[in-house]
Amino acid sequence: MKFLHAMIRTKDIDKSLDFYTKLLGLNLVRTIKLEDCVLYFLSDEDGQTQIEITANFENPENGYENGNAFGHFAFGVDSMDEFSEKLHSMGYEYFYEPYYMEEADSTIAFIKDPDGNEIELIQ
């Protein structure tokens, strides 16, 4: 068995695509138009992991609610300093500023995507 992708919904596909492609460096690899939505498949640099972003043609007025079962996506970064510069230059802020986690021997931080999904960054 192979893990293929995780799916999230978005209220504004343009903002989500900018966030995931320009900030996080994912590549749009496939688009599927269905009767009630469009599915956007984004892949990491080695093509092994994907996120499917679903843009429904009818959205809840206030967007989608994030439940308490889903925690976050995690992305590895080579340099937290370089990522921080890119993050701020694009007008985004940290949800939790970078800090060193001794137990994992890593520097981690958290941001949120345009729909409020949490993203953990690990260096």
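Residues numbered from 1 in each chain as written. Predicted model: local features only at pLDDT ≥ 70, side-chain atom pairs only at ≥ 80, totals over all residues. Heavy atoms only, no water.

1. Observations concerning unusual backbone geometry
Its identity is not glycine, yet aspartate 105 carries a phi of approximately 50°, on the positive side. By secondary structure assignment, the location of aspartate 105 is in the loop between β6 (96–101) and β7 (106–112). You can call aspartate 105 exposed: its relative accessible area is 56%. (Helix = DSSP H or I, 4+ residues; strand = E, 2+ residues; numbered from the N terminus. Buried < 20%, exposed > 50% of the residue type's maximum accessible area, 1.4 Å probe, protein only.)

2. Re the packing of aromatic side chains
In the structure shown here, the tally under the stated rule is five aromatic pairs. Here phenylalanine 19 and tyrosine 20 contribute two aromatic rings whose centre-to-centre distance is 5.0 Å and whose plane-to-plane angle is 75°, an arrangement assigned as edge-to-face. Neither phenylalanine 19 nor tyrosine 20 differs from the other in exposure class; each is buried. When the centroid spacing of 5.3 Å and the interplanar angle of 85° are considered together, the rings of phenylalanine 19 and tyrosine 92 count as edge-to-face. Taken as a pair, phenylalanine 19 in helix α1 (residues 13–23) and tyrosine 92 in the loop between α2 (80–89) and β6 lie far apart in primary sequence, 73 residues in all. Through pairs of rings, three or more aromatic residues link up here, namely Phe19, Tyr20 and Tyr92. We note arginine 30 situated over the ring of phenylalanine 41; from NZ or CZ to the ring centre the distance is 6.0 Å. Directly above the ring of phenylalanine 95 sits lysine 112, whose terminal nitrogen or CZ lies 4.1 Å from the centroid. (Phe/Tyr/Trp six-rings, centres within 6.5 Å; stacked < 30°, edge-to-face > 60°. Lys NZ or Arg CZ within 6 Å of the ring centre and 35° of its normal.)

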